[in-house]
Amino acid sequence: MRPALSREATVNAVLALLLLAIPLAASAAGQTFYVTLATRIALLALAAVGLNIALGLGGLVSFGHAAFFGLGGYAAGIMATHAFNSEPLLFGLEASTSMPVIWLVAALACGVAALPIGAVSLRTTGVYFIMITLAFAQMIYYFAISWPAYGGEDGLPIYVRNSFPGINTATPLSYFLLCYGMLILGLVLFRFLRDSRFGAALQAARQNATRLSAVGIAPFQIRLVAFVISAMITGVAGALLADLNRFVSPSMLSWHMSGELIVLIILGGKGRLFGPVAGAMLYVLFEYALGSYTERWQLFLGLILLGVVLFARGGLLGLIAGRERHG
Amino acid sequence: MSTALLIEQLLNGLQLGVMLFLMAAGLTLIFGVMGLINLAHGSLYMVGAFACATVAAATGSFWIGLAASLAAAALAGAIVEILVIRRLYERDHLDQVLATFALILIFSEGTRWLFGSFPLYLDIPPLLQGAVPLPGGGQYQLYRLAIIGVGVVVAVGLYLMIARTRLGMRIRAGESDREMIAALGIDISTLYTVVFALGAGMAGLAGALVGALQSVQVGMGEPVLILAFVVIVIGGIGSIKGALFGAILVGVVDTMGRFLLPQALLFMLPPSQAALVGGALASMLIYIVMALILAFRPRGLFAAHS
Amino acid sequence: MKLIAAGIFSAALALSSTALAEPVKIGIITTLSGGGAGLGIDVRDAFVLAVEQSGNEEIELVIEDDGQKPELAVQIAEKMIQSDQVDLMTGIIWSNLAMAVVPNTVAQDIIYLSPNAGPSALAGANCHPNYFNVAYQNDNFHEAMGQYAAQNYKNTFILAPNYPAGKDSLTGFKRFYTGELAGEIYTQVGQTDYAAEIAQIRASGADSVFFFLPGGMGIAFMKQYAQSGVDIPVMGPGFSFSQDVLPAVGDAALGVKNSASWSKDLDNEANKRFVEAFEAEFGRLPSVYAAQSWDTANLILSALSKASVKDKEAFRAALKEADFESVRGEFSFNNNNHPVQNIYVREVIKEGDVLTNRIIGTAFEDHSDAYAKDCPM
């Protein structure tokens, strides 16, 4: 097993370097659009890293993570709007345009939402879990569409990108570097969790829940904590993406978005540290390359996805770094 | 609020429920027998509607179109099963979700390629136009009554088929013990193709019946798909009885919620506000009901296996 | 002889338009895939045709499909601005996509011209010198129906989907409607079955129904309404009776009154040329979206003949003059760069086998919008 492991580590390093080097080169060549594209990749990857904690480590197939992605986005949008109009938030609290504050709010909001959603959903398993997480996301989606205060279906523009102390977030490259930094932080956290005792218990709960309960660890609580952490990370990614697009709308909460997040993970390689990164790179490049080539790009995207599920079971990383290792 | 209006709304709920049952029965059957989640079920519904609209426009007969919808959806189902789906039975739900998600993209863009981007026309047949009187002075559309009738016939037919026929026996065997039917020497891959085509045919039938009421266009299957999933999860996945019960529950709750919630809020809010808040609550209602049911019965109301 | 004349004519044209030699890049983001693709295809086709017919070969079009997804539209806009370095942008169909793209685009000093969609948020306090709406402000068509209803009915039942455009719609209608409301319903976005609502309409004692349900929702509502046998007259904004959806609605739409700024029978030279050219090229009748897109292209062409697109200040002024032959007849811009135009009441009729509209009256002459007063420009 040892060679495969180091091979995966090499592939991971190459991916991390590629994602950093391409925008740097593009920026030097004056092609800022590719910097934006890379930022999008980094943020989708971060969202999927969050989902990967629940899905990859815990085996919890959440079909409703768009709810947290969107909630995070709305946290950024609502804070920016209140600050822009100089209106206080609830209870006379001042709105902030400082990203660290916004991320904290996004993470807290997602944590608070994920706790009851997880508590109810985790009573179910298998298909029921997939469907109940979808139902909760749909509830929030319909609420966002019809709630008039923050734009409803039209969405909420962020007129000025929120700020980060010491960094000019308005320039594409520095915003990319910020997002890249957050992605690396997310990956470090994922790795730390995976290799911690908590992660071991979570993976044990996926493989054999009964045995885990037999040694006195309740799988429910472990899974709930994982679900909440997972939601919080995805929420922070949502806040960053809203700032990248300078816009947030209910389409970030739609079931298509939940599906896309799952697609990223499987495309890259489920449960692997860099699976979401590889998946996001591949997905965004497909979308971009096919989209400028043909208006039937969704047909070809579908065929490619189908090909990956049927013939490349370990995803992209499975193809280039060898079989999945678990346990 | 008059009794006639109330009866009419209950019938509307029932009709929506019956339509959902046609979708949900196929989904739950496929899950029960093969253990497969099929997100592309809504695409088969769309195939049925497009086949019916095209054939009805060419022949001038809705009935030929209806037969074509059944045939086209069942055929599309069989082809997809043989090419793609049968490779997914041994996989986990995650792979199934992804592969059938990909199928949605392929079906949608493929249909648009074949039929163009503009919605198609399909009307109800002359025989079923008009309305019948209701007790209390109201009236109800004949075509919608006919849909309820089709639903009852399909439900009874499914029950008889599963309880009385050889195919039904194999399906029951497949639901309870997959290894056993292989041991009995039943050609399992043919059985799976037949079951999948049966579910697809029912979805196509639903698509054609509803296509005459609404717009035949790409993407029409997705809202119905989500509702059908809500139905089978409420009813208990794999249970046809659960699908029937869940479908009618969802149909009635959704219709009555849209009708009664804004009126109930009139006691508290001005009319415009009541309409807005009531509408928003009504759109979330069935998901709230589903979450409540699963919170207390995590495997649905009629869990097939426990 | 003819050839020489044509040669002299085009030479004169080239002399008169100083900007003709300069290359211009126009980015078109529109919906070409998914359920809403019909509208985007009309916008694209009309725009391309107008540019072709102008003979201006220096215009380069960059056309991309947004799939009706706001996030994708944002990404394409960034690409067009940063990578393709377009001079102008246009094409978006939906209000929510416009809200995603327009504020950032105009803030980067790119001029955006809307061929459809005019959300109120961009017409009032947040209006922008780089944003030109060549279509309508979202409330306009609904206001026209409110005006029409005020003259003809006393007790109208109104319904729209529960999202901002739906609320704007009913607000716009009520702004001019003076009678009683028999009922007011907000339906679910994407709803396809309206039996419950139709039952309420039947029971309400209304003398008329106003509805705004764009796309497939409107098709479903009209068919079910006609099938239900309720004979209360229906009216709505022109979107649900536009040429792209009429074939799918069928005879159910016959006789319905609807409002629009354009109709194929509008009696002016530019419109005749447009309808003829569009039908000859694509073999179908143009929709109101095609008409708006055609006007957008011709507005751009008129401004290009007056000023260089690189000189933003001069080019904006040239656009604002609206010195082009609109297929809608009289057309000018208000202080907020939104149209001042007539809104007509149309009726759905059948010409041979083809369903289409004809004008039966004018709801408003030189109508602008309610938000212009909040615009500081």
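Treat the numbers as computed from the prediction; the structure is a model and nothing was measured.

1. A word on the overall build of chain B
Within chain B, the secondary structure is distributed over 11 helices and 2 strands. In chain B, the succession of helices and strands from N to C terminus is α-α-α-α-β-β-α-α-α-α-α-α-α. By the compact-globule yardstick of 19 Å for 306 residues, chain B fits well, its C-alpha radius of gyration being 20 Å. Overall size of chain B, expressed as C-alpha extent along the three principal axes, is 65 × 50 × 35 Å. The buried share among the 306 residues of chain B stands at 58%. For chain B, restricting intrachain contacts to residue pairs at least 6 apart in sequence, the fraction spanning at least 24 positions comes to 76%.

2. Focus: the interface of chain A and chain B
Facing 34 residues of chain A, the contacting portion of chain B comprises 35 residues. Within the residue set of the side of chain A that touches chain B, elements represented by two or more residues are α5 (126-146), α10 (255-268) and α12 (297-311) of chain A. A total of 13 residues in the side of chain A that touches chain B trace back to one element, the largest contributor, which is α5 of chain A.

3. Focus on the packing of helix α2 (residues 41-59) of chain B against helix α3 (residues 62-83) of chain B
All names here are of chain B. Close contact between α2 and α3 brings their axes to 7 Å; oriented N to C, the two are set at 145°. In this structure, α2 meets α3 at a crossing whose hand is right-handed. Here α2 contributes Leu44, Val47, Gly48, Ala51, Cys52, Ala53, Val55, Ala56 and Thr59 to the contact with α3, which in turn contributes Phe62, Ile64, Gly65, Leu66, Ala68, Ser69, Ala72, Ala73, Ala76 and Gly77. Taken together, the residues of the contact of α2 with α3 break down into 14 nonpolar, 5 polar and no charged.

4. Details of the domain arrangement of chain C
Residue and element names in this part refer to chain C. Taken domain by domain, chain C comprises domain 1 (2-136 + 266-333) and domain 2 (140-260 + 343-374). The centre of domain 1, based on its C-alpha atoms, is set 28 Å off from the matching centre of domain 2. With 17 residues of domain 1 in contact, the opposing surface of domain 2 contributes 18 residues. Counting residues per element, the side of domain 1 that touches domain 2 draws most heavily on helix α2 (residues 37-54), at 3 residues. Among the residues forming the side of domain 1 that touches domain 2, the class breakdown is 8 nonpolar, 7 polar and 2 charged.

5. A closer look at the interface of chain B and chain C
On the side of chain C, 33 residues touch chain B, which itself brings 42 residues to the contact. Considering every element that reaches the side of chain B that touches chain C, the biggest residue donor is helix α11 (residues 271-296) of chain B, with 7 residues. A class-by-class count of the residues in the side of chain B that touches chain C yields 20 nonpolar, 16 polar and 6 charged.

6. Comments concerning helix α3 (residues 66-84) of chain A
All names here are of chain A. Counted at 1.5 Å a residue, the expected span for α3 with its 19 residues is 27 Å, and the 26 Å between its end C-alpha atoms agrees. Most of α3 is tucked away: 17 of the 19 residues are buried. Immediately beyond the C-terminal end of α3, within one or two residues, lies Ser86, with a positive phi of roughly 50°.

7. Observations regarding α2 of chain B
Residue and element names in this part refer to chain B. When the terminal C-alpha atoms of α2 are compared, their 27 Å separation across 19 residues agrees well with the 27 Å that a helix rising 1.5 Å per residue should span. The element α2 is largely enclosed, with a buried count of 15 among its 19 residues. Directly after α2, the chain includes Gly60, whose backbone phi takes a positive value near 80°.

8. Points about the packing of helix α1 (residues 3-34) of chain B against helix α7 (residues 195-204) of chain C
For any two helices packed against each other, one specifies the inter-axial angle together with the distance between the axes. Contact geometry of α1 of chain B with α7 of chain C gives a least axis separation of 9 Å together with a crossing angle of 165°. Between α1 of chain B and α7 of chain C, the interaxial angle falls into the category roughly antiparallel. As α1 of chain B runs across α7 of chain C, the sense of the crossing is right-handed. Counting all contacts with α1 of chain B, which are made through Leu5, Glu8, Gln9, Asn12 and Gln15 of chain B, the residues of α7 of chain C involved are Ala195, Ala196, Ala199 and Ala203 of chain C. Across the contact of α1 of chain B with α7 of chain C, the residue classes break down as 5 nonpolar, 3 polar and 1 charged.

9. Some remarks on the pairing of strand β4 (residues 111-114) of chain C
Residues and elements named next belong to chain C. Residues of β4 alternate between two faces, with Ile111 and Leu113 on one and Tyr112 and Ser114 on the opposite face, all of them buried. One ladder, built from 3 bridges, connects strand β3 (residues 88-90) with β4; its direction is parallel. Looking across to β4, one finds that Leu88 is bridged to Ile111. Note that β4 and strand β5 (residues 131-133) share 3 bridges and pair parallel.

10. A word on the environment of Arg161 of chain A
Mapped onto the secondary structure, Arg161 of chain A falls in the loop between β1 (156-157) and α6 (172-195). Along the chain, Arg161 of chain A and Leu240 of chain A lie 79 residues apart, while their C-alpha atoms are 9.9 Å from each other.

11. Some details on the environment of Arg316 of chain C
Residues and elements named next belong to chain C. Mapped onto the elements of the fold, Arg316 is located in helix α12 (residues 312-321). With 16 C-beta atoms packed within 10 Å, Arg316 lands in the partly exposed category. When the C-alpha atoms of Arg316 and Lys350 are compared, they prove to be 42 Å apart, with 34 residues separating the residues in sequence. Setting aside chain neighbours within four positions, we find Arg316 in contact with Ile111 and Pro129.

Reading the values: rules and limits
- Residues numbered from 1 in each chain as written.
- Chains lettered and ligands numbered in written order.
- Predicted model: local features only at pLDDT ≥ 70, side-chain atom pairs only at ≥ 80, totals over all residues.
- Helix = DSSP H or I, 4+ residues; strand = E, 2+ residues; numbered from the N terminus.
- Rg over C-alpha atoms; globule rule 2.2 N^0.38 Å.
- Buried ≥ 20, exposed ≤ 12 C-beta atoms within 10 Å, placed from the backbone.
- Contact = placed C-beta atoms within 7 Å.
- Axes fitted to C-alpha atoms, helices over the stretch in contact; angles between N-to-C directions.
- Left-handed = near helix turned anticlockwise from the far one by under 90°.
- Nonpolar A, V, L, I, M, F, W, Y, C, P; charged D, E, K, R; others polar.
- Domains from an automatic or database assignment.
- Expected span 1.5 Å × (residues − 1).
- Parallel < 35°, antiparallel > 145°, perpendicular 65-115°, else oblique.
- Pairing = 2+ DSSP bridges.

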